[in-house]
Structure formats: structure tokens, C-alpha cells
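Okay, here's what each chain looks like letter by letter:
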Amino acid sequence: MAVISAGNIQRITTEIFNKEAASVPSLEDVMKSMKPKHRKKLQAAIDQLPEGMKLVPVYYTRISKEQNQATMKEFLQKVAPAFYKKIAIQNEKELLEAGFCQNSINEMKEGHIPSDKDGRYYPYDLDHIIERSGSGQIASIKKEDTDWPDSDPEKSKSTLMVNHLRNLYLLPMSIHAIKNTINKYQLTNIEEDETRLIYMAVPDREEGSSPFYKHVKAAVVEKENPVYSSIAALAASEKCTRLSEKLIKFGQIEDTKAMHSICDLAESTYAYLLKWHGKTQDIIERMEESREKMDGSIRRTLSNNQHALAENLEVIFRVLPYLADSGNLLNDDFSSLPSGNMSIQPPVEETDTALEESTLS
């Protein structure tokens, strides 16, 4: 797959979804077909589009929720860690020049989300340029990703095409939110397997350019965020679950070198999971002590993340005895992980569900 950019995404999605490029309507025509209130909100988001992002026509085919979950699981378990490793090794100098600290780059070299030594995070997301939820058949076709980093000890090169590294871009969360807003007001009431042409915010880059947004100086956030730390813990649990499943498959096979390699990866990943889970608990406790009101969307996200984490731990706990030098881990009290302070119930009332669902990338 070529590097996905504003210059080629229309052609690529036209070919993927077998559409006729000559029939592409203008942005004005697309907006005329929308409800006035959605048209107004779409225009407001378009007006915020920053340097380095370009609005281009893209075909979008809604995939099923099951496909979306499968692509997300593969992304968290295999693809995101590989992307971080690759960018940290190949673009280290550029990342430093862009404002990322050395600690955050070292974290990325381990396949983790970038943060500084004090645990403050950089407000960046990994974005699927051809959206995951609108990727049609490439969400179910696996091919070798020739960009997979050679440094990855697992050599996991065969992935779903929508998860190929050339379709990923490290983007500030604020810009990602603008992109999602532009998408969602064009995707109201879209059905599974329906194809719709929308105007999407896409990185304006060239082949060989850096896979991250460089038009602003990267800086850590000052205020701790329980959602971010819970996402970091969940991402680590997904990777650790995959490593655990590999160990379970080993059974009685005495390939000790391979097993020790997986054990080492699993142990370091599990330690990372514990760190971010503990940090999430601390933030929530401080918020409760100060009686700080927690937004409903934050409660909902934390509850969903905690539920997914608890499911992953059922697999992870089965292999803890296998972990090399795992004595310290096994002496920890894990009882608070599946429940504890993170078992926050979402509010009863949920609004704009259809619009929120369409923002999933």
C-alpha cells in the first residue's frame, strides 16, 4: 500500500470501492443535501482545519461493529506498538525537533504511548487516514505489511490492510477531533455496507515524509487525565493479552528461547499496564476527594475501558506463573484491577448516540 495522503486517497478509495471518479460531487453539493443545523456545524469545523491538513473527497463504506472491533483489537495488540517502535527508531531526531522529549521516544521504542518521565502525556492520537469504521473490504483482507519494523521480535507482518502502517498518522488530539467532527455530520444515519462520498480532512504529505504532524510544537499536558491513563492501561492489556495467548498455545512445547522472549515482552508490558492502571486510580481518587465533577462522557469511557480490561485480565492471569523473573509481579495484589475505583457506571442518559458512533475512526 502506498503512503495514504491528500494527494492519493480519492484515487485509492475510488479503486477500493469500485466507484466512478468522474461522478464525484462538489463539497457545496454535499452540504446542500444536509440538514441546516448539521451544515452549520460542519462548516464551523471546516473553518478550523489547520495547516498540513487538506479537505478531499473520499469514499467511505461502513463496516459492521464486529469488523470494527476486530480491526481495533489487532490495532491495539499488534499495529500501534509496531508503529510507535518504527517512528521512534526512524524519526527520532525529527521527533526531538518537534518537541517530544527523550523519555517519550524511549517509551515509543517499547511500543508504548508517548509520555514524559513524570507520566504527563503528549496529546496525540494514532489516526487511521482511511477511517477504520469506513474502510469496507480492506477491514477484512490481510496482507503482508512491508513497512513492518525489523526490530519487532514478533515479526507480525500480516495484518488487515486498513491497519497497515502507511495508513497511520500521529496527529494532535485537537486536530483529530476536528477531523471526526467533519466526518460525523456527513455520516448521519449511514447503514452497514453503505458507501457514501464525504469530504475528509487528510494529511497533505508526500511519499517518504514523516508519519506525524509537524506543524505545531509538541508539548505535554499539565492536567492529568484519567481517560488517557486508562487508555494507556487498556492498550497495554491488549498487547499483553496477545502475548499471553501465545504462551498458552506453547503448552508443553519446550522452545525455551521463544518462550523466554515472549515472557520478557509480556512482563515489561504487564508492568506498564500496572503503572497506568495505578495512575488512573490515583487521579480518580483525587477527583473524588476534591469533589470535582466528572463529565458523563468520561464516566462512560472509563466504564467501557474497565470492562474491556477486566476481560483481558482473565487471559493474562493464566500465564503470570510463566513470566520470567515474575516473583515481584506475583506478590502484587491484583484484586483491585478488575473492579476498585475504576468501576464507574455510565450515566443513564446518553445523547447523540448515532453521531457519537460515527466518530469512531
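Here the structure is shown first, and the text comes after it.
Residues numbered from 1 in each chain as written. Predicted model: local features only at pLDDT ≥ 70, side-chain atom pairs only at ≥ 80, totals over all residues. Heavy atoms only, no water.

(A) The arrangement of the overall build of the protein chain in detail. Within the protein chain, the regular secondary structure consists of 12 helices and six strands. Here the protein chain holds 361 residues, and the buried ones make up 52% of them. Long-range pairs, those at least 24 residues apart, make up 79% of the contacts in the protein chain between residues at least 6 apart in sequence. Per element, the accessible surface of the protein chain, about 17,500 Å² overall, is 48% carbon and sulfur. (Helix = DSSP H or I, 4+ residues; strand = E, 2+ residues; numbered from the N terminus. Buried < 20%, exposed > 50% of the residue type's maximum accessible area, 1.4 Å probe, protein only. Contact = heavy atoms within 4.5 Å. Areas by Shrake-Rupley, 256 points an atom, 1.4 Å probe, with all protein chains shown as cover.)

(B) Quick peek at helix H10 (residues 296–316). Taking 1.5 Å per residue, 21 residues should reach 30 Å; H10 reaches 30 Å between its end C-alpha atoms and fits that length. Among the residues making up H10, those that are buried are Arg-300, Leu-302, Ser-303, Asn-305, Gln-306, Leu-309, Asn-312, Leu-313, Val-315 and Ile-316. (Expected span 1.5 Å × (residues − 1).)

(C) Fine view of the environment of Ile-182. The residue Ile-182 is located in helix H7 (residues 173–184) in this model. Classification of Ile-182 as buried rests on a relative accessible area of 0%. Between the C-alpha atom of Ile-182 and that of His-38, which follows or precedes it by 144 residues, the distance is 9.9 Å.

(D) Inspection of helix H8 (residues 226–250) at higher detail. Between its first and last C-alpha, H8 extends 36 Å over 25 residues, near the 36 Å set by a 1.5 Å rise per residue. Most of H8 sits inside the fold, with 20 of its 25 residues counted as buried. For H8, the side-chain oxygen to backbone nitrogen distance between the N-cap and Val-227 is 2.7 Å, and the N-cap itself is Asn-225. (Polar contact = N/O pair within 3.5 Å; in protein donor to acceptor, adjacent residues only side chain to side chain.)

(E) Looking closely at the packing of helix H4 (residues 65–90) against helix H6 (residues 102–109). For the pair H4 and H6, the least separation of the axes is 7 Å and the interaxial angle reads 130°. Judged by the angle between their axes, H4 and H6 are oblique. Residue-level contacts link Tyr-84, Lys-85, Ile-87, Ala-88 and Ile-89 of H4 to Ile-105, Met-108 and Lys-109 of H6. (Axes fitted to C-alpha atoms, helices over the stretch in contact; angles between N-to-C directions. Parallel < 35°, antiparallel > 145°, perpendicular 65-115°, else oblique.)

(F) Region of the structure containing the pattern of salt bridges. Scanning the entire structure with this criterion turns up 17 salt bridges. Between Glu-74 and Lys-142 there is a salt bridge; the shortest N-O distance is 3.7 Å. Linking Glu-74 in helix H4 with Lys-142 in strand S3 (residues 142–144), this pair joins segments that are 68 residues apart in sequence. The closest approach of N and O atoms between Lys-223 and Glu-292, which form a salt bridge, is 3.2 Å. Within this pair, whereas Lys-223 is found in the loop between strand S6 (195–203) and H8, its partner Glu-292 is found in the loop between helix H9 (256–289) and H10, the two being separated by 69 residues in sequence. (Salt bridge = Lys/Arg side-chain N within 4 Å of Asp/Glu carboxyl O.)

(G) Structural context of the side chain of Gln-186. Among the structural elements, Gln-186 can be located in the loop between H7 and S6. Judged by relative accessible area, which is 5%, Gln-186 ranks as buried. Those residues in contact with Gln-186 that lie beyond four places of it in its chain are Val-30, Met-34, Leu-42, Arg-196, Ile-198 and Tyr-199.

(H) Layout of unusual backbone geometry. The phi dihedral of Asn-189 falls on the positive side, at around 65°, and the residue is not glycine. Examined against the element boundaries, Asn-189 turns out to sit in the loop between H7 and S6. With a phi close to 60°, Arg-291 is a non-glycine residue in the positive phi region. Within the secondary structure layout, Arg-291 lies in the loop between H9 and H10.

(I) Structural detail: the pairing of strand S2 (residues 124–128). With four of its five residues buried, S2 lies for the most part within the structure. As paired strands, S2 and strand S5 (residues 168–172) are joined by five bridges and run antiparallel to one another. In the strand pairing of S5, Asp-127 is matched with Tyr-169. (Pairing = 2+ DSSP bridges.)

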